[in-house]
Amino acid sequence: MESNNNLPDKNGFFGEYGGKFVPETLMYALEELENTYNKLKDNNEFKKQFYKDLSEFVGRPSPLYFAERLTKHYGSGSIWLKREDLNHTGAHKINNTIGQILLAKYMGKKRIIAETGAGQHGVATATVAARLGLECHIYMGAEDVQRQSLNVYRIKLLGAQVHSVDSGSATLKDALNEALRDWVTNVDDTYYIIGSVTGPHPYPMIVRDFNSVVGEELIEQSKESFNTMPDAIVACVGGGSNAMGAFYPFININQTRLIGVEAAGNGLQTGEHAAPLNDGSPGVLHGALSYLMQDEAGQVKATKSVSAGLDYPGVGPEHSWLKDSGRAEYVAVDDDEALEAFHQVSELEGIIPALETAHAFAYLETLMKEFDDQSNIIVNVSGRGDKDINTVAEIDGIKI
Amino acid sequence: MNRLTKKLSKIKSNDKKALVGYLVAGDPDIETTVELMKLFSSSGVDIIEIGVPFTDPIAEGPIIQKAHDRALKKDISLVSIFQMIEKYREFDDVTPLVLMGYLNTFIYHKKLIENNQNNAVDSILVVDIPGELKLEDYGVKSNNINTISLISPTTKKDRVKLIAENSTGFVYYVTLRGVTGSSNLNIDEIKINIEEIKRHASVPTLAGFGIKSIEDAKLLADCSDGIIIGSSLVQMIEQGSEKKEFDRIGKYITEIKKAIS
């Protein structure tokens with residue numbers, strides 16, 4: 001939880017992006033959260049508890065694994081996998097929830113709410129809430145409830161309540177709207193665990209900091225594994241929390257290219273995608289100013305991606321800043337390319353990646369041509385693909 | 001003088017309370033909205049608040065959300081809203097008109113707001129900007145349009161002062177923790193908070209968000225300078241839209257007006 005730049009500023013901005021664009025009722029709750037976090041983040045007891053939980057409950061550090069057959073397949077540069085898929089609950093999402101539930105506990109909140117897209121953040125939130133015996137409500141778009149039924153059941157098994165949201169496009173963005181409405185209504189006793197580096201300040205900062213354990217470990221593991229810093233880190237970007245966690249500790253390490261891969265859905269040129277950094281413009285959604293998919297009237301556009309976790313029209317404000325400043329690169333791969341990578345990585349490495357993660361893998365097809373044998377490329381394996389088995393089987397025409 | 005400022009000072013000097021009526025532009029369609037606005041003002045609404053539809057209206061409860069959705073299906077934007085207002089102004093150049101919406105749609109139509117043809121719009125309320133700031137802070141200049149800021153039960157005293165001083169139209173006191181159309185009014189808390197706001201504000205303080213009945217309206221009007229009715233009107237508009245029967249709405253407004261007078 002160390003800081004590599006002075007962003008966000010005191011008003012929550014990364015350059016021109018970020019801020020607090022919320023109804024007045026939430027302003028105090030955000031201030032209270034910010035004050036609590038600022039007080040605790042450098043507190044030794046708090047840090048000790050956070051890292052203890054990450055070690056004993058999550059199973060960190062997650063390995064950095066040499067992907068031998070994938071490396072051979074491309075024939076240029078070594079490919080390394082940061083195994084966030086091996087975390088308890090199956091994705092990077094647990095890192096953030098472990099940290100935020102400690103904040104909730106410290107603030108004396110009795111009720112936990114969260115939004116979820118692919119369901120991984122819902123599961124991770126329900127998990128930490130169960131552990132502390134706190135009431136937990138998860139908001140999930142009705143379409144995602146359908147395509148991520150396994151995670152819906154997991155959330156219920158963990159004792160949380162799932163609220164299916166059928167307003168708007170019935171996906172992640174609408175789940176976030178509904179969670180914000182719940183928070184406005186129950187602000188006194190409720191803690192809202194946002195699941196990505198999105199939302200109003202201080203969330204993008206808090207979620208980034210808790211997820212930065214990924215990048216911190218990568219610095220150590222890179223030294224141990226190949227004696228230098230990596231040439232590139234590749235991560236998928238929906239809201240952008242797994243990418244931000246991996247990128248942040250590397251912001252001042254200039255030899256490492258930081259590459260975020262967005263979901264191009266049916267293809268960038270069709271307009272049916274979820275790639276605001278590639279094909280969007282700055283706008284305000286869910287409390288922050290950031291790149292956004294919107295029409296000429298400032299209305300938020302519907303998104304399309306085979307991956308529920310990337311199916312979001314906005315992106316964390318710090319990514320917008322990293323894009324404009326040129327420190328990170330953002331590209332996009334479409335549904336077909338991601339599905340191909342999903343199968344390829346399963347067969348070559350014995351790892352079934354989440355469909356979100358498959359987007360990062362798919363970009364290797366382009367990226368590896370830019371590297372020589374001496375290069376080291378890290379793919380952040382943000383989550384495992386068990387939750388996506390039904391989706392992929394259906395696309396492949398198989399009934400389970 | 002700005003119509004809103006003029007109207008509010010007249011109401012105050014007559015020792016009356018202001019009645020603000022809310023509807024969503026383009027619900028069920030632009031032509032009907034113009035008719036509804038006429039009905040509002042002829043039945044006793046002093047100030048009309050026009051909801052600017054947005055895809056993600058996070059402060060709205062289900063009734064107003066659905067109205068936003070219905071309007072968006074008709075492709076309503078600020079462009080069509082300004083045209084609609086121009087049409088309305090041919091009939092009524094007195095009633096103050098307030099636009100209420102979300103920042104993203106306003107920053108997309110800076111020019112429209114800056115021009116504000118014939119000063120047709122009197123005030124803008126942006127739900128999702130911090131109350132101590134104005135649209136100007138986001139690059140939208142609007143010399144003849146004043147600002148309405150929200151204060152809620154969770155606003156701390158230091159910010160109450162800043163926000164109250166920033167409001168040039170009126171201060172909109174959100175009476176409850178919740179979205180539009182919720183229930184559970186805590187009258188004691190409301191009284192204390194409005195008194196605090198009035199110590200700092202140079203403009204009137206109006207109350208809105210949870211008014212569901214004539215009784216609520218009366219109670220809130222007693223401790224404020226006026227009230228805002230939204231969800232219950234929008235619900236009646238929804239119910240009357242198919243057959244374009246809106247007589248109930250006029251009667252309801254007249255009853256409320258009487259109760260708070």
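The following refers to the structure shown.

Definitions and limits used
Residues numbered from 1 in each chain as written. Chains lettered and ligands numbered in written order. Predicted model: local features only at pLDDT ≥ 70, side-chain atom pairs only at ≥ 80, totals over all residues. Heavy atoms only, no water. Contact = heavy atoms within 4.5 Å. Buried area = accessible area lost by both parts, 1.4 Å probe. Polar contact = N/O pair within 3.5 Å; in protein donor to acceptor, adjacent residues only side chain to side chain. Helix = DSSP H or I, 4+ residues; strand = E, 2+ residues; numbered from the N terminus. Nonpolar A, V, L, I, M, F, W, Y, C, P; charged D, E, K, R; others polar. Pairing = 2+ DSSP bridges. Axes fitted to C-alpha atoms, helices over the stretch in contact; angles between N-to-C directions. Buried < 20%, exposed > 50% of the residue type's maximum accessible area, 1.4 Å probe, protein only. Parallel < 35°, antiparallel > 145°, perpendicular 65-115°, else oblique. Left-handed = near helix turned anticlockwise from the far one by under 90°.

**As for the interface of chain B and chain A**
Working step 1: Facing the 38 residues of chain B at the interface are 35 residues of chain A.
Working step 2: Here chain B and chain A share an interface that buries about 2700 Å² over both sides, 54% of which is from carbon and sulfur atoms.
Working step 3: For the pair chain B and chain A, the interface holds 18 residue pairs in polar contact (both at pLDDT 80 or more).
Working step 4: Looking at the side of chain B that touches chain A, the elements that each hand over two or more residues are helix 3 (62-73), helix 5 (103-107), strand 6 (149-151) and helix 7 (157-166) of chain B.
Working step 5: Classifying every residue of the side of chain B that touches chain A by side-chain character gives 20 nonpolar, 11 polar and seven charged.

**What about the sheet that holds strand 7 (residues 161-165) of chain A?**
Note on sheets: strands pair through backbone hydrogen bonds, and any given pair is parallel or antiparallel.
Residues and elements named next belong to chain A.
Working step 1: Ordered by their spatial adjacency, four strands build an open sheet running 7-6-5-8, and the pairing between neighbours is parallel. Because the sheet does not close on itself, it has two edges, and the strands there are strand 7 and strand 8 (190-192). Put simply, the sheet's adjacent strands are angled 25 degrees from each other on average, direction ignored.
Working step 2: Bridge count for strand 5 (residues 111-116) against strand 8 is three bridges, and the pairing is parallel. Bridge pairing links Ile113 to Tyr192 in strand 8.

**Quick notes on the side chain of Asn146(B)**
Residue and element names in this part refer to chain B.
Working step 1: Residue position: Asn146 is located in strand 5 (residues 146-147).
Working step 2: On the basis of relative accessibility, which here comes to 9%, the residue Asn146 falls in the buried class.
Working step 3: Among all residues touching Asn146, those that are not within four sequence positions of it are Asn2, Leu4, Thr5, Asp122, Ser123, Ile124, Thr168 and Gly169.

**Side note on the packing of helix 2 (residues 30-43) of chain B against helix 11 (residues 247-260) of chain B**
Residues and elements named next belong to chain B.
Working step 1: Relative to each other, helix 2 and helix 11 sit at 30 degrees, their axes nearing to 8 Å. Overall, the two elements helix 2 and helix 11 adopt an arrangement that is roughly parallel. Crossing of helix 2 against helix 11: the hand is right-handed. For the pair helix 2 and helix 11, the contacting residues are Leu36, Leu39, Phe40 and Ser43 in the first and Ile249, Gly250, Ile253 and Thr254 in the second.
Working step 2: Of the residues contributing to the contact of helix 2 with helix 11, the split by class is five nonpolar, three polar and no charged.

Structural measurements only, silent on function.
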